[in-house]
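# Architecture at a glance
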Amino acid sequence: MLPNFSYPVYTVVCPQSKYTYDVRCLVVGDEDRLLQSSTFAYSVLDNINKVIWSCIVNKPDNITDFNAFLANTTQKDRDAFVYSILQASDEDKQVIDVTCAYCGTKQTVEVSLESCFNANIYPGEPGEMINNVVDVNVELKNHIVNAKLKVPTLAKEKEIFYHFGQRNLPLHVLTLLLHISELNIIDKKIDKPVQEAKILPDIEATLVPLPHKVRRKLTKAISDNFAQYGMNLQYKFFCSKPDCGKENIHELDVTDLLFRTII
């Protein structure tokens, strides 16, 4: 009979959903799942999501199953989960190969994840940001483009890859599709919608022919309303070359760190 292991646990406050969880360290089975990820982008993300779910040992009452977890967790929340799992797994100290941005000198530095961790937590109630809808109107000559924006959840990400996974969508289109929950074209003369898009294929078909001005304004609205809440791992190092010695600022990618840990 296998022993009843007591695993190290770390508490995570999700920066966008603001839900609080406890997660355990990685186990061998979690590593195996991650290593089995194919080169298809969503295979990697799906396995990370499933590993996070398996590592959760304490969760809010409304997170009843994996689908509820996907629907109530954002992409930036996922970064916080991965960071917390690395901490629970005693992976705070990381040895990183870096290159000086000024002279190109390569060197190795040791970084403490805790020392470079920074988070900006949404100030409202738990779940509030997930449900918030930001209404944006963009005026054109004869029409108004109305977009309803929401912070992208892991469920929306899964839906995006289900519909468009085999296509190489431009990053700016993918970003907009992740955030747009509804897209309407309103005729100014009659003050009524002449086109309404509420499902992903229709939203894409409505979005792509719109003037560049629309993308700029929607991208700014996304940045203003959602981008500021999240976490990052930013650290400084000084170039080791004597006649340079300049300070560099780098940012670590938590997904890269996760796979570095298990390889």
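Throughout what follows, the structure given in this document is the object of discussion. (Residues numbered from 1 in each chain as written. Predicted model: local features only at pLDDT ≥ 70, side-chain atom pairs only at ≥ 80, totals over all residues. Heavy atoms only, no water.)

### Examining the environment of Lys59
Take Lys59: it is sitting in the loop between β3 (56–58) and α3 (66–71). Under the relative-accessibility criterion, Lys59 is labelled partly exposed at 34%. In sequence terms Lys59 and Ala227 are 168 residues apart; their C-alpha atoms lie 25 Å from each other. Leave out the neighbours within four places in its chain, and Lys59 touches Thr20, Tyr21 and Trp53. A distance of 2.9 Å separates the side chain of Lys59 from the backbone oxygen of Ile63, its partner in a polar contact. (Helix = DSSP H or I, 4+ residues; strand = E, 2+ residues; numbered from the N terminus. Buried < 20%, exposed > 50% of the residue type's maximum accessible area, 1.4 Å probe, protein only. Contact = heavy atoms within 4.5 Å. Polar contact = N/O pair within 3.5 Å; in protein donor to acceptor, adjacent residues only side chain to side chain.)

### Observations regarding the nonpolar core
For soluble globular proteins, the rule of thumb is that nonpolar side chains tend to be buried together. Membership of the largest hydrophobic core comes to 39 residues, with the highest contact counts inside it found for Tyr21, Phe69, Phe81, Leu233, Tyr235 and Leu252. Take this core: its biggest share by element is six residues, from helix α4 (residues 75–88). Discounting residues that sit within four places of it in the chain, Leu252 has contacts with Ile96, Val111, Leu113, Cys116, Leu233, Tyr235 and Leu257. Leu149, Phe164, Leu207 and Phe226 belong to the second largest nonpolar core, which has 31 residues in total. (Core = buried A, V, L, I, M, F, W, Y, C linked by side-chain atoms within 4.5 Å.)

### A closer look at the layout of surface pockets
Its volume calculated, the largest pocket comes out at about 660 Å³. If you go around the largest pocket, you meet 36 residues; those closest to its centre are Gln16, Gln75, Lys76, Asp79 and Ala227. Counting only elements with at least two residues in the lining of the largest pocket, the list comes to α4, β6 (117–120), α7 (154–164), α8 (171–179), α10 (212–226), β11 (230–238), β12 (247–252) and α11 (254–262). A per-element tally of the lining of the largest pocket places α8 first, with five residues. Among the residues forming the lining of the largest pocket, the class breakdown is 17 nonpolar, 13 polar and six charged. The computed volume of the second largest pocket comes to approximately 230 Å³. Taken together, 17 residues line the second largest pocket, and the ones lying closest to its centre are Lys150, Lys156, Glu159, Ile180 and Ser181. Here the lining of the second largest pocket gets three residues from one element, more than from any other, and that element is α7. Residue composition of the lining of the second largest pocket, grouped by class: ten nonpolar, three polar and four charged. (1 Å grid on protein atoms, 1.4 Å probe; cavity = no way out; pocket = protein on both sides within 12 Å on 5 of 7 lines; lining within 4 Å. Points joined across faces, edges and corners; volume = space filled by probe spheres on them. Nonpolar A, V, L, I, M, F, W, Y, C, P; charged D, E, K, R; others polar.)

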